[in-house]
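One-letter residues, chain by chain:
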Amino acid sequence: MFDKEKINKIIEERKRWESTTVPKWIENRPEREKEFHTISGIPVKRVYTPEDIKDMDYMRDLGFPGEYPFTRGIHATMYRGRIWTMRQFSGFGTAEQTNQRFKYLLKEGETGLSIAFDYPTIMGYDSDHPMARGEVGRCGVAVSSLKDMEILLDGIPLDKVTTSMTINGPTAMILAMYIAVGDKQGVPREKLGGTVQNDMLKEFIAQKLVIFPPRPSVKLVCDVIEFCAKYMPKWNPISISGYHIREAGANAVQELAFTIADGITYVEEMLKRGLKVDDFAPRLSFFFASHNNFFEEIAKFRAARRMWAKIMKERFGAKNPRSMWMRMHVQTSGCTLTAQQPLNNIVRVTLQALAAVLGGTQSLHTNSFDEALCLPSELAVRVALRTQQIIAHESGVADVVDPLGGSYYVEWLTNEMEERAWEYIHKIEDMGGVIEAIEKGWLQQEIANSAYKYQREIDTKRRIIVGVNEYTTEEHEEVPLLRIDPKVEEEQIARLQRVRQERDNRKVKQILQKLHDEAEKGVNLMPTIIEAVKAYATLGEICDVLREVYGVYKEMIII
Amino acid sequence: MEGLAEIEKLIQGILAGEKRSIARAITIIENDGQKAQKIISAIYPHTGKAYVIGITGPAGSGKSTLIEKIVKKLRENGKSVGIVAVDPTSPFTGGAFLGDRIRMQTLSLDKGVFIRSMASRNSLGGLAKATKDAIKVLDAAGKDYIIVETVGAGQLEVDVVKVAHTVIVVLAPGFGDEIQAIKAGLMEIGDIFVINKADRENADRAVIDLLSALELNTEKKWKPQVIKTVALTGEGIDDLLKAVEEHRKYLEAGELEKKRRKRAEAELLEAISQRLKDTIIAELKKDKTLESFIEKIMNRESDPYTVADILLQEKIKGKKERND
Amino acid sequence: MAERKIRVLIAKPGLDSHDRGAKIVARALRDAGMEVIYTGLRQTPEQIVETAIQEDVDVIGLSILSGAHMTLFPRIMQLLKEKGIKDVLVFAGGIIPDEDVPKLKEIGIKEIFGPGTPTDVIVKFVKENAPKRA
């Protein structure tokens, strides 16, 4: 990219600058730290010049937006053509309450829906299961049967709105319910658009919302991907996630590496089923966090795109450029929110959102300022949405594609992140792959170590968190909190019982037996699961059948 | 704080199999020598009934999951079980992370199962005395089987032989275990070897390697068995328990008596040795001349062995004089 | 005689699966010389109390971020009472709104540590407040 002679001159000058100009400054004003690092420990210099990226080749390493290797963006026009999707994760209480929140957000300008489910639903328990006691509707909406899904999506046109559902273990069942509602609305399945998270590897690694052991869990993931590849071309059947890995304590490089390693694993599993890579790869999507170190995050997103493109083309031989696109959703990092001085979080979220936009995300969720305390109130969630809208329409950053491209620092950091991520990926492959590494507890240990290190940095004030270990106040800010009415649990249980009474129980029993047999045989379970939900078999009942066949997972503890 | 009356109550509780008493007693045993002795002496006549199985193996081999399945089977057969899971104490911080019971948590509500996690507390060379005494408590409490789980990596594990009737070594294919086991001396202590995660590709290879390594060990009269299991699904558990019963029968045919005698002798000698040590060291610490001897050693005017001889001579002479 | 170690049970009641904080606290307490038993995720109140009994712990730390604490904590404290466990220090952490703290303290939870609490504070608290038993 640069003239060799000019680079040598710059190197010369840099050395001169370091030995003459810099020391004078340091004498009067010593630098704040002996060494500066990003959160993943990458040492960063005082200033970056063409010297730091002298071996880069523009066409090979960056290219043009919308073209391989897609470093600068997967679309040629990016936000000039269409602003990223503003998709705020939401859900709580009963299906009715969440339905109302959806209608509110759509009215206020949200362009896609995102559904959060409650813990019992996520773990494949019905709202009246003993483990569900006290948890129904708390962290998301309770969905125990198709009836709940029907109420949840009432009045929402599924051919016009795309929906992202954050569900993993019971993805097949929840997706089946969504499809059933679409069928009822008369929307052809090929027209349904949305995403299910459906990434079990990261559950074993980080989020731990696991029902069945690793191999059957991955099998179910692939069942969903395969079904969607055949029948629902507009649906993203998986959101390969780094967000949770990050939230569990991983640093940016680990987040990048482990997520891509997971992606590689899923592609390999799908190829084992006999599908061709271009049959399903275009619909694989990704989900990352946006954390505090502004430039590290931007570099991470760019490195991710380039790495995935290379892997899909060179390793898996993809021919369709869409197979090489890393389409991503980003959420600003929840674990960076503070309970102290909550309004500060608005600033954090703004910076994190900006990093995601400068990093070229396709879709973005911004956290609400009160989320370290509770589920977001209406006011808080509106501010979060406005944050995105202001970035989109007032700041001008959406008017140029990859505006930071070419920055010596950002390009250097992008290269550095990629290199370090590759080291991790090779290590995992040497171990025999992600599932092996999970069973050895290696990934979990890496994350636990990073988490502990980060906490120690905060404890010792080597890392400042404003309002928490520095710039603290005694005053208490009054923030209106959202409270879940305990009546929610009662109402939900009552509805569930009505469903069980009013359905054809004989039919349900038959279908569940069929499911049992098919699970034993190892065939794709989606069609039968759709049948089961249409007969109003409950989530818990369907999951229990699979628990019998696959067993229940017990975690290996790594601290 | 427990006084004599409370200790009495504890002892009664142990003999009645009452969980709280068992738990409190084990804590006392870990922390208070005098009270521990009272408890052990009182319950000793009631020990010797339980069958003790030692289970050891490297981390990640699936021991805890295996134990859970074994216990479930034993419970189905109407047996009560005590489990002691031992984890190493950090030599640097003195703390320990006791994370084994998590794999067995479904058993925690079973009235016939008692699970206790213990830290090795850096006992010099192996299994803490407290662990051995904890086993006695569970024995006196009426447990039919007691399982002692340790992480297989060294002295701790070799020591488990001293307390267990049957030692099971759990390995998983592909961990390089075969070599590890030979290094750690596990090959010599195992009565039964388990290749867990036997649904893996290299499981059969691991079995072959293990069998050939065991061939070299012709000393033992009991020929160690190699069992394949898949702890997650419960495959092979029946075979494993069958092997345990076979080993038990073999022991009861004669070896058991020998073992019992050896152990009783070893425990006696250890108790004597501990007392002697405690007594003499306590006296020596009061001895004002100790400091000057230490100085001499530091200045290389004398050496630890010579000083020890001198001091002990004086002690023995002193005792003799008092006795005469 | 052997030094007495503080035995701590770190528990995750209910379905909440956020264990980053619980694990950090477990590690910090271990590094401070304590013996830490971690129950793993998704424990019922019954399991937690039974574990506390069998392990004869001095301290119980409850971690919860799902908002279900007002159902689960009172149940745990009730069970401890029923089983006659009186001399155990109980503390909690996670996402627990300030308004709930007084009620929780009333039922016997000595302290609640919210997000942002330095781990040293928790370690010090446990060291100073763990019951001194024989």
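Residues numbered from 1 in each chain as written. Chains lettered and ligands numbered in written order. Predicted model: local features only at pLDDT ≥ 70, side-chain atom pairs only at ≥ 80, totals over all residues. Heavy atoms only, no water.

(A) Looking closely at the interface of chain A and chain B. At the junction of the two partners, chain A supplies 10 residues and chain B supplies 10 residues. Here chain A and chain B share an interface that buries about 970 Å² over both sides, 61% of which is from carbon and sulfur atoms. Connecting chain A to chain B are 3 salt bridges. Residues E436 of chain A and R200 of chain B are paired through a salt bridge, measuring 3.3 Å at the closest nitrogen-oxygen approach. Along the contact surface separating chain A from chain B lie 3 residue pairs in polar contact (both at pLDDT 80 or more). Ranked by residue count, the leading element in the side of chain A that touches chain B is helix α18 (residues 434–440) of chain A, at 3 residues. When its residues are assigned to classes, the side of chain A that touches chain B shows 4 nonpolar, no polar and 6 charged. (Contact = heavy atoms within 4.5 Å. Buried area = accessible area lost by both parts, 1.4 Å probe. Salt bridge = Lys/Arg side-chain N within 4 Å of Asp/Glu carboxyl O. Polar contact = N/O pair within 3.5 Å; in protein donor to acceptor, adjacent residues only side chain to side chain. Helix = DSSP H or I, 4+ residues; strand = E, 2+ residues; numbered from the N terminus. Nonpolar A, V, L, I, M, F, W, Y, C, P; charged D, E, K, R; others polar.)

(B) Inspection of empty space enclosed by the protein at higher detail. Evaluated as defined, the whole model comprises 7 cavities of 30 Å³ or more. By volume, the largest cavity is sized at about 130 Å³. Lining the largest cavity are 15 residues, and of these A248, I447 and A448 of chain A together with R20 and K23 of chain C lie nearest its centre. Listed by contribution, the elements that provide at least two residues to the lining of the largest cavity are α8 (201–207) and α19 (442–459) of chain A together with α1 (20–31) of chain C. For the lining of the largest cavity, the element with the most residues is α19 of chain A, which contributes 5 residues. Here the residues of the lining of the largest cavity are counted per class, giving 9 nonpolar, 1 polar and 5 charged. One number sums up the size of the second largest cavity: a volume of about 90 Å³. Forming the boundary of the second largest cavity are 13 residues, of which Y79, V357, G360, D402 and P403 of chain A lie nearest the centre. When the residues that make up the lining of the second largest cavity are grouped by side-chain class, the tally is 8 nonpolar, 2 polar and 3 charged. (1 Å grid on protein atoms, 1.4 Å probe; cavity = no way out; pocket = protein on both sides within 12 Å on 5 of 7 lines; lining within 4 Å. Points joined across faces, edges and corners; volume = space filled by probe spheres on them.)

(C) The arrangement of the state of the cysteines in detail. Evaluated as defined, the whole model comprises 0 disulfides over all chains. You can see C222 of chain A has no disulfide; the closest cysteine sulfur is in C228 of chain A, sitting 12 Å from it. (Disulfide = S-S within 2.5 Å.)

(D) The arrangement of the side chain of T47 of chain B in detail. Mapping T47 of chain B onto the fold places it in the loop between α3 (33–43) and β1 (51–57). Beyond its immediate sequence surroundings of up to four residues, T47 of chain B is in contact with K136, D139 and A140 of chain B.

(E) Molecular detail of the sheet that holds strand β3 (residues 96–98) of chain B. What the 6 strands build is an open sheet, ordered β3(B)-β2(C)-β1(C)-β3(C)-β4(C)-β5(C); its pairing is parallel. The open sheet has two free edges, formed respectively by β3 of chain B together with β5 (111–113) of chain C, since each of these has just one partner strand. Within the sheet, the average angular offset between the axes of one strand and its neighbour, ignoring direction, is 20°. By the bridge criterion, 4 bridges tie strand β1 (residues 7–11) of chain C to strand β2 (residues 35–38) of chain C in an arrangement that is parallel. Looking across to β2 of chain C, one finds that V8 of chain C is bridged to V36 of chain C. Relative to strand β3 (residues 59–64) of chain C, helix α3 (residues 69–82) of chain C is tilted by about 160°, and along the sheet it contacts β3 and β4 (89–94) of chain C. (Pairing = 2+ DSSP bridges. Axes fitted to C-alpha atoms, helices over the stretch in contact; angles between N-to-C directions.)

In short, geometric facts, not functional conclusions.
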